[in-house]
Amino acid sequence: MTGLLSLVAWAAAGYLSGVYLQSVLGFTVLTAAFLALPGAAVLTVACIGTAGVVDRIGKRSALIASHFFIGTGLLLLMFTGTTAGAALYIASTVIAGVGYGFSFSLVAETAVAAVPAERAGSAGAIAEMSNELGGALGISLLGSLAAFFFRFFGPGTAGTLDTTLSTPGLSDESAAQAKDAFVTGLHAAIGVAAALTLALGILAIRWLPREERNTMPEIPDRQEQTVS
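A brief structural summary. (Residues numbered from 1 in each chain as written. Predicted model: local features only at pLDDT ≥ 70, side-chain atom pairs only at ≥ 80, totals over all residues. Heavy atoms only, no water.)

## Thoughts on the overall build of the protein
Then, number 1: Regarding its fold elements, the protein presents eight helices and zero strands.
Then, number 2: Seen in sequence order, the protein has helices and strands lined up from the N terminus as α-α-α-α-α-α-α-α.
Then, number 3: Relative to its length of 228 residues, the protein is extended, with a C-alpha radius of gyration of 22 Å against a globular reference of 17 Å.
Then, number 4: By its C-alpha atoms, the protein is 90 × 35 × 30 Å across when sized along the principal axes.
Then, number 5: Looking at the protein residue by residue over its 228 residues, the buried ones come to 37%.
Then, number 6: Looking at the protein as shown, the accessible area adds up to about 12,600 Å², and 66% of this sits on carbon and sulfur atoms. (Helix = DSSP H or I, 4+ residues; strand = E, 2+ residues; numbered from the N terminus. Rg over C-alpha atoms; globule rule 2.2 N^0.38 Å. Buried < 20%, exposed > 50% of the residue type's maximum accessible area, 1.4 Å probe, protein only. Areas by Shrake-Rupley, 256 points an atom, 1.4 Å probe, with all protein chains shown as cover.)

Structure representation (structure tokens):
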């Protein structure tokens, strides 16, 4: 479920945010790509550093933290508007990137480590399938939810924001209404993704067993005993 829902959120947020930056805020493709770099860098570092985090706080705590990092990052997108939101987008991707990095690493490592060596390939394939399925569901389901809100609140000129804005003779009022409708749909889709992610984090606190810590005192080696 962690692998599935993290990709649902990641795919939906990535797709809708790209349209938001370019069609609502008016950034070029190159500028929008540069705005995504901080989050991508944090995600990469988080993936690499997951093992060190697990050594310090344990796999259970790291997995739970991944849900809350993702959910918190997504919630920042709820405050974006039609005239400003780039800074919120960067902050969102940076915070959520920590959670995505933990999630991607832990799901793959846990799946492979949970089975005998001869079944590692099958376990890895299942983990990868959950990621691919999550990406497809994120764009299809949450993208459809965003599209529904756009068509319900939009000017009714066309079915998508880009097509609406490129309609010849479109008035400024209709363009503003279309952008407002898209942002409403973005907030609805991201709100659902954040709620699901945070809910799974709460369930993980209840479901995942606490890890046992080794409380046995250290035994000095034979050489130290001899010296003593």
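## Some details on the nonpolar core
Then, number 1: Grouped together as the largest cluster of nonpolar side chains are 32 residues, with contacts concentrated most on Tyr20, Leu74, Tyr100, Leu161 and Phe182.
Then, number 2: Looking at this core, the elements that each hand over two or more residues are α1 (2–24), α2 (29–57), α3 (59–76), α4 (86–113), α5 (120–153) and α7 (172–207).
Then, number 3: Those residues in contact with Leu74 that lie beyond four places of it in its chain are Ala9, Ala13, Ser92, Tyr100, Ile190, Ala193, Ala194 and Thr197.
Then, number 4: Counting seven residues, the second-largest nonpolar core is a separate cluster that includes Ala46, Val54, Ala62 and Leu63. (Core = buried A, V, L, I, M, F, W, Y, C linked by side-chain atoms within 4.5 Å. Contact = heavy atoms within 4.5 Å.)

## Remarks on the packing of aromatic side chains
Then, number 1: Scanning the entire structure with this criterion turns up eight aromatic pairs.
Then, number 2: For the pair Phe69 and Phe102, a centre-to-centre distance of 6.3 Å together with 85 degrees between the ring planes defines the contact as edge-to-face. Here the residue Phe69 occupies a position in helix α3, and Phe102 occupies one in helix α4, the gap between them amounting to 33 residues.
Then, number 3: The exposure class of Phe69 is partly exposed, given its relative accessible area of 33%.
Then, number 4: We classify Phe102 as buried; its relative accessible area is 8%.
Then, number 5: Put simply, the rings of Phe148, Phe149, Phe152 and Phe153 pair up and form one aromatic cluster. (Phe/Tyr/Trp six-rings, centres within 6.5 Å; stacked < 30°, edge-to-face > 60°.)

## Observations concerning α5
Then, number 1: Compared with an ideal rise of 1.5 Å per residue, which puts 34 residues at 50 Å, α5 spans 49 Å between its outermost C-alpha atoms and is within 8% of the ideal.
Then, number 2: Tucked inside the fold, the buried residues of α5 contact α1, α4, α6 (161–165) and α7. (Expected span 1.5 Å × (residues − 1).)

## Thoughts on the packing of α4 against α5
Then, number 1: Across the interface, α4 lies against α5 with an axial gap of 8 Å and an inter-helix angle of 150 degrees. Relative to α5, the element α4 lies roughly antiparallel. As for the relative orientation of α4 and α5, their crossing is right-handed in sense. Across the interface between the two elements, Val107, Ala108, Ala111 and Val112 from α4 touch Ala120, Ala123, Gly124 and Ala127 from α5.
Then, number 2: Partitioned by chemical class, the residues of the contact of α4 with α5 number seven nonpolar, one polar and no charged. (Axes fitted to C-alpha atoms, helices over the stretch in contact; angles between N-to-C directions. Parallel < 35°, antiparallel > 145°, perpendicular 65-115°, else oblique. Left-handed = near helix turned anticlockwise from the far one by under 90°. Nonpolar A, V, L, I, M, F, W, Y, C, P; charged D, E, K, R; others polar.)

All we've got here are geometric facts, nothing functional implied.
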